[in-house]
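So the chains spell out like this:
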Amino acid sequence: MGAMTLVKPNLHRVDVDTRQMLFHIPSSSIFELDDLGRELLALFDAHEQVAPEQLAGLAARYSQQDVMEVLDELRSLEVISDGSTVARINPAPQQVNKFPLTTVVLNVNTGCNLSCTYCYKEDLTTPSKGEKMALDTAIQSVEMLLRESPDQPNYNVVFFGGEPLSNMPLIREVVDYCEKRFAQLDATVDFTMTTNATLLTEELVDWFNAHRFGLTISMDGPKAMHDKNRITVGGQGTYDVVRRKVEMLLKRYTARPVGCRVTLTRGITDVERIYDHLSGELGFFEVGFGPVTSGDIAEFNLTGEELIEVFAGMKRLGQRYLEAALRNENFGYGNMHQLITDMYEGNKKLVPCGAGLGLLAVDKDGGLNLCHRFTGSDMELFGDVTHGIDKPRLAEFVEKRLDRSDTGCETCRIRNLCSGGCYHESYAKYGDPTHPSYHYCDLMRDWVDFGVEVYARIMLENPGFFEAHVSPRRSA
Ligand code: SF4
Ligand code: SF4
């Protein structure tokens, strides 16, 4: 055995009171370091290179066999390297030739009955000018999904807009078609929708119940915050009507838990207050926050100071998530729950999300886009529902993003959780979706460090939480 070095980009240590956790970056896994592991790593902290003779100091407290075993383990994790092999930091750039598509997002109407000030949709228009997807296009989308990705056990059809409720005739026909079509194939199909809720009726809620829709409501908090941006075409706040509809929905809807999605824009940063209103007062099962940092309309982007405030609030909410987890209770906070789920499952994300691989969004004319945020944008399409996926183009795109060489992400400690960030944010910020979105890396790293600490505390103090509240929701 020759001199050994620490492979710094592969580990991150987090202290939890008197204990020390090792976040193993290549596998997004977390281990507790025992005394020997800590001492060994401290030796590497103190010396650029550690020669075998330098381990002699440990002999007074540990057997040579124990030292060798821990060293072997750290070597197999590629946390230390002895020069005999080159430790991997990122997988070698790879060729993409499979697109395991399981989800299509249908942009059923470019029109929306609201006129939210910050809306990013480039093709968005008022209801009267809205262009609706034709049934034939929707059916071709489903058939394209089956052609591109046959023999999957589960598929997802997502209805998006504009406001999807403004094209219910199409949605009803698509659901009817899918239920029959997927049943013939012995596959399941799951329907989801994000809606502003204003057009919900009791009859619709019952219909969604019957088809077990996964529903997410866009709502931005208490009246003053919600009405700041979520307004009608005529400029009126929509809080009162949305609240009424949400109360009806949450009372009536039994098929699945209902979530809420909050958009944080300039001047709207009090995440705890928003959470308490939406979860505590209104009763949403889960609330998730989307901070706007790179929208087309610069005046809605959170300022640097506001972003710091938002992350501080998200951490305070995360603390409440932790306290609930230690009591073995679920705290419906989507951002934290997703992070904890990624760590529990050891997710190593080579790309930030399923867009372009497991998921494609279809615009009203049948064009294929990376995800719902790109429909109607100037970004070139990746094929269409008639001719299928333009595989060479899509492969080139994904391969470019998979290759982290010469980017800041190459050695970043959260590279396998952030993976360069959302394509659409990069597109909005840099005009190039393959460019990593670097604009709040430090805050993201701090947020993930916090998540590691929350995860570690749950792991040490109430490991049963994962089985009780993380696994079941994954399989649901
Ligand atoms: S975008 Fe920033 S935070 Fe994300 S992986 Fe790259 S360097 Fe890290
Ligand atoms: S590209 Fe961005 S907006 Fe689109 S699915 Fe991925 S994370 Fe979401």
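Just so you know, these numbers come straight off a predicted model, no measurement behind them.

S.K.: Provide a residue-level description of helix 1 (residues 35-46), including the pertinent values.
M.R.: Its 12 residues place the ends of helix 1 17 Å apart at the C-alpha level, agreeing with the 16 Å of an ideal helix rising 1.5 Å per residue. Among the residues of helix 1, L36, G37, L40, L41, L43 and F44 are the ones counted as buried. Summarising the axial view, the buried residues of helix 1 lie within an arc of 145 degrees, below the 170-degree limit, and thus occupy one face. Looking at helix 1, the residues exposed on the side facing more than 90 degrees away from the buried face are D35 and A46. Its buried side turned inward, helix 1 meets strand 1 (5-6), strand 2 (11-16), strand 3 (19-24), strand 4 (29-33), helix 2 (64-76) and strand 5 (80-81).

S.K.: So, the packing of helix 1 against helix 2: which residues are in play, and what are the values?
M.R.: When two helices pack together, their arrangement is given by the angle between the helix axes and by the axis-to-axis distance. Their axes nearest at 10 Å, the elements helix 1 and helix 2 cross at an angle of 70 degrees. In terms of axis orientation, helix 1 runs roughly perpendicular to helix 2. Crossing angle aside, the handedness with which helix 1 passes helix 2 is right-handed. Contacts between helix 1 and helix 2 involve L36, G37, L40, L41 and F44 on the former and, on the latter, D66, V67, V70, L71 and L74. Here the contact of helix 1 with helix 2 is built from residues that sort into eight nonpolar, one polar and one charged.

S.K.: Please give an account of the domain arrangement of the protein that cites residues and values.
M.R.: What the domain assignment lists for the protein is domain 1 (5-81) and domain 2 (103-373). Centre-to-centre separation of domain 1 and domain 2, based on C-alpha positions: 43 Å. Taking both partners together, domain 1 and domain 2 bury about 330 Å²; carbon and sulfur atoms supply 57% of that area. Put simply, domain 1 and domain 2 have zero salt bridges between them. Applying the counting rule to domain 1 against domain 2 returns one residue pair in polar contact (both at pLDDT 80 or more).

S.K.: Outline the packing of helix 4 (residues 168-184) against helix 5 (residues 202-210), supporting the account with residue identities and numerical values.
M.R.: In the contact formed by helix 4 and helix 5, the axes pass within 12 Å of each other and the chain directions differ by 20 degrees. Put simply, helix 4 runs roughly parallel to helix 5. Remark: the crossing between helix 4 and helix 5 carries left-handed chirality. For the pair helix 4 and helix 5, contact is made by M168, I171, R172 and V175 and by E203, L204, W207 and F208, respectively. Tallied by class, residues from the contact of helix 4 with helix 5 come to six nonpolar, no polar and two charged.

S.K.: Just give me the short version of the nonpolar core, but keep the residues and values in it.
M.R.: If you look at the biggest cluster of nonpolar residues, it comprises 116 residues, and the most contacted ones within it are L106, F159, F208, F213, F284, F289 and Y333. Each of domain 1 (5-81) and domain 2 (103-373) accounts for three or more of the residues forming this core. When sequence neighbours within four positions are dropped, the list of residues in contact with F159 reads L106, V108, P164, I171, V174, V175, F191, T192, M193, T194 and F213. Listed in part, the 20 residues of the second largest apolar core include L11, L55, Y62 and L71.

S.K.: Which residues make up the site of ligand 1, and what values do they have?
M.R.: Close to ligand 1 lie G408, C409, C412, I414, R415, C418, G420, S437, C441 and R445. Of all the secondary structure elements, the ones that give two or more residues to the shell around ligand 1 are helix 12 (415-418) and helix 14 (441-461). Among the residues forming the shell around ligand 1, the class breakdown is five nonpolar, three polar and two charged.

S.K.: Give me the site of ligand 2: which residues, what numbers.
M.R.: Around ligand 2, the surrounding shell consists of C353, C371, R373, C422, Y423 and H424. When grouped by side-chain class, the residues that make up the shell around ligand 2 number four nonpolar, one polar and one charged.

What counts, and at which threshold
- Residues numbered from 1 in each chain as written.
- Chains lettered and ligands numbered in written order.
- Predicted model: local features only at pLDDT ≥ 70, side-chain atom pairs only at ≥ 80, totals over all residues.
- Heavy atoms only, no water.
- Helix = DSSP H or I, 4+ residues; strand = E, 2+ residues; numbered from the N terminus.
- Expected span 1.5 Å × (residues − 1).
- Buried < 20%, exposed > 50% of the residue type's maximum accessible area, 1.4 Å probe, protein only.
- Arc of directions from axis to C-beta.
- Contact = heavy atoms within 4.5 Å.
- Axes fitted to C-alpha atoms, helices over the stretch in contact; angles between N-to-C directions.
- Parallel < 35°, antiparallel > 145°, perpendicular 65-115°, else oblique.
- Left-handed = near helix turned anticlockwise from the far one by under 90°.
- Nonpolar A, V, L, I, M, F, W, Y, C, P; charged D, E, K, R; others polar.
- Domains from an automatic or database assignment.
- Buried area = accessible area lost by both parts, 1.4 Å probe.
- Salt bridge = Lys/Arg side-chain N within 4 Å of Asp/Glu carboxyl O.
- Polar contact = N/O pair within 3.5 Å; in protein donor to acceptor, adjacent residues only side chain to side chain.
- Core = buried A, V, L, I, M, F, W, Y, C linked by side-chain atoms within 4.5 Å.
- Near = heavy atom within 4 Å.

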